[in-house]
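Here's the letter readout for the chains.
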Amino acid sequence: GSNCGTFCDASTTCSGNGQCDGTGQCQCNQDYFGSNCGTFCDASTTCSGNGQCTSQGQCQCNQNYYGGSCSVFCDASTTCSGNGQCDGSGQCQSNQNYYLSECSVFCDASTTCSGHGSCD
């Protein structure tokens, strides 16, 4: 840097994935992120083509895609049979009285079981 107090070597400080600017900070190459350019993120591969890379190199998933690599699809109206919601990991959380991983089975003990059993 201009005050000679900041050391920056592109091959080590920037992990070989960027260049040092005039202030001794790393300017990362495309698809590399972080203060040392050590995080790789390519939307088409890292995010499975279902999201974008943030400035921190993490995937920001498109609507209905979940997981660190945006590879889990969940749509409440189809995946959860319209009887539940997708949670943060892309799994269905069934509404009351709906069961199975896709929320497709309805059971109300008072009616389905005529009050003589339980739904589980």
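Look a little higher up for the structure.
Report follows, based on the coordinates.

Calculation rules
- Residues numbered from 1 in each chain as written.
- Predicted model: local features only at pLDDT ≥ 70, side-chain atom pairs only at ≥ 80, totals over all residues.
- Heavy atoms only, no water.
- Helix = DSSP H or I, 4+ residues; strand = E, 2+ residues; numbered from the N terminus.
- Contact = heavy atoms within 4.5 Å.
- Buried < 20%, exposed > 50% of the residue type's maximum accessible area, 1.4 Å probe, protein only.
- Disulfide = S-S within 2.5 Å.

## So, the side chain of N50
Thinking step 1. If you trace the backbone, N50 turns up in the loop between β4 (39-40) and β5 (51-53).
Thinking step 2. Not counting the four nearest positions on each side in its chain, N50 is found in contact with C61, N62, Y65 and C70.

## Remarks on the environment of C37
Thinking step 1. Relative to the assigned elements, C37 resides in the loop between β3 (32-33) and β4.
Thinking step 2. By relative accessible area, which is 0% here, C37 ends up buried.
Thinking step 3. Separated by 18 residues in sequence, C37 and Q19 have C-alpha atoms that sit 9.3 Å apart.
Thinking step 4. Discounting residues that sit within four places of it in the chain, C37 has contacts with C14, S15, N17, G18, C26, Q27, C28 and Y32.

## Some remarks on the side chain of N17
Thinking step 1. Within the secondary structure layout, N17 lies in the segment before β1 (18-20).
Thinking step 2. Each residue touching N17, except ones within four places of it in the same chain, is listed here: C28, N29, Y32 and C37.

## Regarding the state of the cysteines
Thinking step 1. Evaluated as defined, the whole model comprises nine disulfides.
Thinking step 2. Between the sulfur atoms of C8 and its disulfide mate C20 the distance is 2.0 Å. Residues C8 and C20 share a disulfide whose torsion about the S-S bond is about -80 degrees; that sign makes it left-handed. A residue pair is termed long-range when its members are at least 10 positions apart, and C8 in the segment before β1 and C20 in strand β1 qualify at 12 residues.
Thinking step 3. Taking the relative accessible area as the measure of exposure, C20 reaches 29% and is therefore partly exposed.
Thinking step 4. Across the disulfide, C61 is cross-linked to C70 (sulfur-sulfur distance 2.2 Å).

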